[in-house]
Amino acid sequence: FQGMGAGKALIRKFLKDIAGEGHQDAWIETHQRNQGGIRLYRRTGFAIDHEKLHFSKGLNRYVPIARMRQALS
């Protein structure tokens, strides 16, 4: 379903629900090399506001994370 709008529709639904609960912004974290995900999130209004190294217990190593944020109206 990649490229057919399913991801964009889901994110927009989640954003509407989050805003409906009174939140002022939304954020999501992804691996910095997840270019497909980052592109999708940017298309739905997110922008990278922070990058960090996060220790993954499952991988037993640090992974580079991009946190993306969007102000909700």
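You'll find the structure just up there.
Here the structure is a predicted model, which means the values were calculated and not measured. (Residues numbered from 1 in each chain as written. Predicted model: local features only at pLDDT ≥ 70, side-chain atom pairs only at ≥ 80, totals over all residues. Heavy atoms only, no water.)

Student: I keep staring at a nonpolar patch on the surface and nothing clicks. Help me out?
Tutor: Among the surface-exposed residues, L53, F55 and Y62 lie close enough to one another that they form a single nonpolar patch of about 330 Å² accessible area. Locating F55 in the fold gives a position in strand β2 (residues 47-56). (Patch = residues over 30% accessible without salt bridge, like charges linked within 9 Å, V, L, I, M, F, W, Y side chains within 5 Å. Areas by Shrake-Rupley, 256 points an atom, 1.4 Å probe, with all protein chains shown as cover. Salt bridge = Lys/Arg side-chain N within 4 Å of Asp/Glu carboxyl O. Helix = DSSP H or I, 4+ residues; strand = E, 2+ residues; numbered from the N terminus.)

Student: It is not clear to me how helix α2 (residues 35-43) should be interpreted in this structure. Could you clarify?
Tutor: Along an α-helix, residues three or four apart share an orientation, since each turn contains 3.6 residues. Within α2, the full set of buried residues consists of G37, I38 and Y41. Relative to the axis of α2, the buried residues are bounded by an arc of 100° and lie together on one face. Looking at the buried side of α2, the elements it contacts are α1 (6-20), β1 (25-31), β2 and β3 (61-71). G45, located one to two residues past α2, shows a positive phi value of around 105°. (Buried < 20%, exposed > 50% of the residue type's maximum accessible area, 1.4 Å probe, protein only. Arc of directions from axis to C-beta. Contact = heavy atoms within 4.5 Å.)

Student: Where do I start with the pairing of β2 in this structure?
Tutor: For a regular strand, side chains alternate in direction, first toward one face of the sheet and then toward the other. Relative to β3, β2 runs antiparallel, the two sharing 9 bridges. Across the sheet, the residue bridging to L53 is P64, located in β3. Remark: 4 residues form the turn of the hairpin made by β2 and β3, two consecutive strands paired antiparallel; N60 in that turn has positive phi of roughly 60°. (Pairing = 2+ DSSP bridges.)

Student: Quick question: what am I supposed to make of the packing of aromatic side chains here?
Tutor: Within a pair of aromatic rings, the relevant descriptors are the distance that separates the centres and the angle that separates the planes. Here the structure, examined in full by the defined rule, presents 2 aromatic pairs. Ring plane angle 70° and centroid distance 6.3 Å describe the contact between Y41 and F46, whose orientation is recorded as edge-to-face. For the pair Y41 and F46, one class covers both residues: buried. (Phe/Tyr/Trp six-rings, centres within 6.5 Å; stacked < 30°, edge-to-face > 60°.)

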